[in-house]
Amino acid sequence: MSIKRIIPCLDVKDGRVVKGVQFKGLRDAGDPVELALHYEAEGADELVFLDISATVEGRKTMRELVERIASKLNIPFIVGGGIHSLEDIAAILEAGASKVSINSAALRRPELIREASREFGSKKLVLAIDARWDEALEDWYVYTHGGQQRVEKTAVNWAREAEGLGAGEILLTSMDADGEKSGYNIPLTRQVAEAVEIPVIASGGAGSVEHFYPVLTEGKASAALAATIFHFKEVTIRQVKEDLQRKGVEVKWP
């Protein structure tokens, strides 16, 4: 089994880290720079920064804040939100991001994935997929604009298409599980992970130390992302890694 990654996520709005349930009811979780440094010291393998209102508000990602965080971090740093073009991707990478996450812009124009992969390399390109279960159609469908707009693509088909276009990684969020703290969406994660060869980061639903092992084994995720339980100090990254190591999952220690 390959080394599994544990990744905290900073959902940022108006310069502060926030967290809600199913993308709603946001509450303040702290200063993004302070949290970033705390997570690196605690043993995070990577850090995700998502400007969650940039696309909805029709503006660019907060570059100055990205620069402040990147200048202090030594671990890989993924940035997403409000990124619509090759110029936007270049600007975020120049600001210090290790990888760029795109979502809505890629759905509007999938060719952007191919262009970005050729320009910057697939390893710097993460496709974010926000998916929700459709009871009538019995499948997970993709949503954009902070979970507000549905796209007529299933999560599995879109992941396959994006991989073919050159995406280097998938950041997969279960909107049904997001913030619920009842565990990751194992069936969704496994379906997407089995459909592609590139790594899949599972997101949405972490509520305890015990929730990480199933998604990294049964769910076949390469990494597990969490926010609420880390931000409000319900669980530490060290506790998660210690539990995984006891259960035979290989993790990296700082």
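Bear in mind the structure is a predicted one, so any value in this text is a computation, not a measurement.

Comments concerning the overall build of the protein chain
Line of reasoning, step 1. Tallying secondary structure elements over the protein chain gives eleven helices and twelve strands in all.
Line of reasoning, step 2. Against the 2.2 N^0.38 benchmark of 18 Å for 254 residues, the protein chain shows a C-alpha radius of gyration of 16 Å, consistent with a compact globule.
Line of reasoning, step 3. Dimensions of the protein chain, computed from C-alpha atoms along their principal axes, come out at roughly 45 × 45 × 35 Å.
Line of reasoning, step 4. Looking at the protein chain as a whole, 59% of its 254 residues are labelled buried.
Line of reasoning, step 5. Restricting the contact set of the protein chain to residue pairs at least 6 apart, pairs at least 24 apart contribute 65%.
Line of reasoning, step 6. Split by element, the accessible area of the protein chain, about 10700 Å² in all, is 46% carbon and sulfur.
Line of reasoning, step 7. Taking the average location of the 32 positive side-chain charges in the protein chain and that of its 39 negative ones, the two points are 2 Å from each other.

Here's the deal with the pairing of strand β4 (residues 47–51)
Regular strands place side chains that alternate from one sheet face to the opposite one.
Line of reasoning, step 1. Counting buried positions along β4 yields four of five residues, so the element is predominantly enclosed.
Line of reasoning, step 2. Looking at chain direction, β4 and strand β5 (residues 77–80) are connected through four bridges and run parallel. Residue pairing for β5: F49 is matched across the bridge by V79.

So, the side chain of S208
Line of reasoning, step 1. Residue placement: S208 occurs in the loop between β11 (200–203) and α9 (212–217).
Line of reasoning, step 2. Those residues within four positions of S208 in sequence are excluded, and the remaining contacts are I229 and V235.

Observations regarding unusual backbone geometry
Line of reasoning, step 1. For K220, which is not glycine, the phi torsion reads 60° and is therefore positive.
Line of reasoning, step 2. Relative to the helices and strands, K220 resides in the loop between α9 and β12 (223–226).

Details of the environment of A223
Line of reasoning, step 1. With respect to the helices and strands, A223 occurs in strand β12.
Line of reasoning, step 2. Given a relative accessible area of 0%, A223 falls into the buried group.
Line of reasoning, step 3. When the C-alpha positions of A223 and K4 are compared, they lie 5.4 Å apart, and in sequence the two are 219 residues distant.
Line of reasoning, step 4. Residue contacts for A223: discarding those within four places in its chain leaves R5, I7, V200, I201, A202 and L216.

Some details on the nonpolar core
Line of reasoning, step 1. Core analysis: the biggest nonpolar cluster contains 75 residues, and I69, I102, I113, L127, I129, F212 and F230 have the highest contact counts within it.
Line of reasoning, step 2. Looking at this core, the element that brings in the most residues is helix α7 (residues 155–165), giving six residues.
Line of reasoning, step 3. Not counting residues within four places of it along the chain, the set of residues in contact with I102 comprises I83, I89, L112, I113, L125, V126, L127 and A128.
Line of reasoning, step 4. Residues V48, A223, L225 and A227 belong to the second largest nonpolar core, which totals eleven residues.

Quick look at the packing of aromatic side chains
Line of reasoning, step 1. Taken as a whole and judged by the stated rule, the model has five aromatic pairs.
Line of reasoning, step 2. Summarising the aromatic geometry, the rings of F49 and F77 are spaced 6.2 Å apart at their centres and angled 85° between planes, so their arrangement reads as edge-to-face. Taken together, the positions of F49 in strand β4 and F77 in strand β5 put the pair 28 residues apart, joining distant regions of the chain.
Line of reasoning, step 3. Since its relative accessible area comes to 0%, F49 is described here as buried.
Line of reasoning, step 4. Classification of F77 as buried rests on a relative accessible area of 1%.
Line of reasoning, step 5. Clustering of aromatic rings is evident, with ring pairs tying together Y39, Y184, F212 and F230.
Line of reasoning, step 6. Positioned above the aromatic ring of Y143, the side-chain terminus of R132 is 5.2 Å from the ring centre.

What counts, and at which threshold
- Residues numbered from 1 in each chain as written.
- Predicted model: local features only at pLDDT ≥ 70, side-chain atom pairs only at ≥ 80, totals over all residues.
- Heavy atoms only, no water.
- Helix = DSSP H or I, 4+ residues; strand = E, 2+ residues; numbered from the N terminus.
- Rg over C-alpha atoms; globule rule 2.2 N^0.38 Å.
- Buried < 20%, exposed > 50% of the residue type's maximum accessible area, 1.4 Å probe, protein only.
- Contact = heavy atoms within 4.5 Å.
- Areas by Shrake-Rupley, 256 points an atom, 1.4 Å probe, with all protein chains shown as cover.
- Lys, Arg positive; Asp, Glu negative; His and termini not counted.
- Charge placed at Lys NZ, Arg CZ, Asp CG, Glu CD.
- Pairing = 2+ DSSP bridges.
- Core = buried A, V, L, I, M, F, W, Y, C linked by side-chain atoms within 4.5 Å.
- Phe/Tyr/Trp six-rings, centres within 6.5 Å; stacked < 30°, edge-to-face > 60°.
- Lys NZ or Arg CZ within 6 Å of the ring centre and 35° of its normal.

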